[in-house]
Amino acid sequence: MPTKSRSYQVSATPVTMLAHLILVAVATLVLVWLLHFEEGFAFVSHTKIKILNVHTFLMIVGFILVTGEAIMAYKTIPAKRKVQKAVHLVLHLIAMVAGALGVYTAFKYKHEIGAKDMVTLHSWLGIITISLFGLQWVLGFFSYVFPGAEMSAKASYMPWHVFGGMFIFFLAICTAQTGLLQRFKTLNQEGLIVNFTGLLLVLFAIGVGLSGFLPQGRGF
C-alpha cells in the first residue's frame, strides 16, 4: 500500500513570539547592567562612562531591538498590509534616529576622554552599519512610499530590499558583539550579564531572520 505523505511546515508565529520574549530579556539585561553595574546614563557628566552607557543603550535597545521589531512587523501586526508597511517604516525611522544619536554619543565620549576616533573594528563596523541603514531607509522610502514609483520597479527591487535589510540587521548584531567584547572586564556578575546579552542577541537575530522568511499561519 502506498504510504501517506505529510508535510510539516513551521509557522512564523511561534518563532516571532520567542523573538519577542528574547527582546524583553535583552532589554532587561542591558538596563540592569548599565544602571546597576555601570552608574547609569547621562549625555553630560563628569563620570564619562555614563556617556558611553547612553551609546550602548541606544545601539542595542534603540537600534537593534527596534530594527528587529520593524522587520517582524509584517508578522506581528494584525492589520492590513498598508498599516503593517507604515509601522515597518516608522519603526525603522525610530531605529535610525536612535542609531545616529548612539554614534554621536560614541564620538562625544571619545572626545571627552581624549581618545582617538575610528581605531577599532567595532567603530568601523558601526559606521558602515549606520551608513548602509540610512541608505536602505532612503531607498525603501522612495521605492515604496514616495508616489511615482512604478509597480514593476517596486517588484524587481523587493528581493534586494529584503536581502539588504537582513544583511544590515545581522551586521548590526556583529557590531554589537564587538562592542560587548570591548566592555567585557572579567567573568563576574557583570561579565555574565554582558556574555548573556551577546548570546541572546544572536538568538534574537536568528528569531528575526526566521520570522521574516517563514510563512505566516498556525503552528505545524
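Thresholds, definitions, all that
- Residues numbered from 1 in each chain as written.
- Predicted model: local features only at pLDDT ≥ 70, side-chain atom pairs only at ≥ 80, totals over all residues.
- Heavy atoms only, no water.
- UniProt positions renumbered as here; feature names shortened; annotations may be inferred.
- Helix = DSSP H or I, 4+ residues; strand = E, 2+ residues; numbered from the N terminus.
- Contact = heavy atoms within 4.5 Å.
- Axes fitted to C-alpha atoms, helices over the stretch in contact; angles between N-to-C directions.
- Parallel < 35°, antiparallel > 145°, perpendicular 65-115°, else oblique.
- Left-handed = near helix turned anticlockwise from the far one by under 90°.
- Nonpolar A, V, L, I, M, F, W, Y, C, P; charged D, E, K, R; others polar.
- Phe/Tyr/Trp six-rings, centres within 6.5 Å; stacked < 30°, edge-to-face > 60°.
- Buried < 20%, exposed > 50% of the residue type's maximum accessible area, 1.4 Å probe, protein only.
- Expected span 1.5 Å × (residues − 1).

## Regarding the UniProt feature "transmembrane region" (unreviewed entry) in the chain
And then number 1: As recorded in UniProt, the feature "transmembrane region" (unreviewed entry) lies at residues 12-34, 54-74, 86-104, 124-146, 158-180 and 192-214.
And then number 2: From the first C-alpha to the last, residues 158-180 spans 33 Å; its make-up is 100% helix and 0% strand.

## Points about the side chain of histidine 88
And then number 1: Positionally, histidine 88 belongs in helix α3 (residues 81-113).
And then number 2: Each residue touching histidine 88, except ones within four places of it in the same chain, is listed here: Ala70, Ile71, Ala73, Tyr74 and His161.

## Section: the packing of helix α2 (residues 49-76) against helix α5 (residues 151-183)
The relative placement of two packed helices comes down to the angle between their axes together with the axis-to-axis distance.
And then number 1: Where α2 contacts α5, the axes come no closer than 11 Å and their chain directions differ by 155°. With respect to each other, α2 and α5 are oriented roughly antiparallel. Seen from above, α2 lies across α5 with left-handed handedness. Residues Ile49, Leu52, Asn53, Thr56, Ile60, Phe63, Ile64, Thr67, Gly68 and Ile71 of α2 form the contact with α5, whose own contacting residues are Gly165, Met166, Phe169, Ala172, Ile173, Ala176, Leu180 and Arg183.
And then number 2: Split by residue class, the contact of α2 with α5 holds 12 nonpolar, five polar and one charged.

## Overview of the packing of aromatic side chains
And then number 1: By the definition in use, this model includes nine aromatic pairs.
And then number 2: Taking 6.5 Å as the distance between ring centres and 90° as the angle between the ring planes, the aromatic pair formed by tryptophan 160 and phenylalanine 163 counts as edge-to-face. With a gap of three residues between them, tryptophan 160 and phenylalanine 163 both fall in helix α5, about one helical turn apart. Judged on exposure class, the residue tryptophan 160 and its partner phenylalanine 163 are both exposed.
And then number 3: Here the aromatic rings of phenylalanine 163 and phenylalanine 167 are separated by 6.3 Å at their centres, their planes lie at 20°, and the arrangement is stacked. Separated by four residues within a single helix, phenylalanine 163 and phenylalanine 167 lie in helix α5, roughly one turn from each other.
And then number 4: By relative accessible area, which is 45% here, phenylalanine 167 ends up partly exposed.
And then number 5: These aromatic residues form a ring-pair network of at least three members: Trp137, Phe141 and Phe142.

## Brief notes about helix α1 (residues 12-37)
And then number 1: The end-to-end C-alpha separation of α1 is 36 Å, in line with the 38 Å expected for 26 residues at 1.5 Å each.
And then number 2: Of the residues making up α1, those classed as buried are Ala12, Val15, Thr16, Ala19, Ile22, Leu23, Val26, Ala27, Val30, Trp33 and Leu34.
And then number 3: Against α2, α5 and α6 (189-213) lie the buried residues of α1.
And then number 4: Looking at the residues trailing α1, positive phi occurs at glutamate 39, about 75°.

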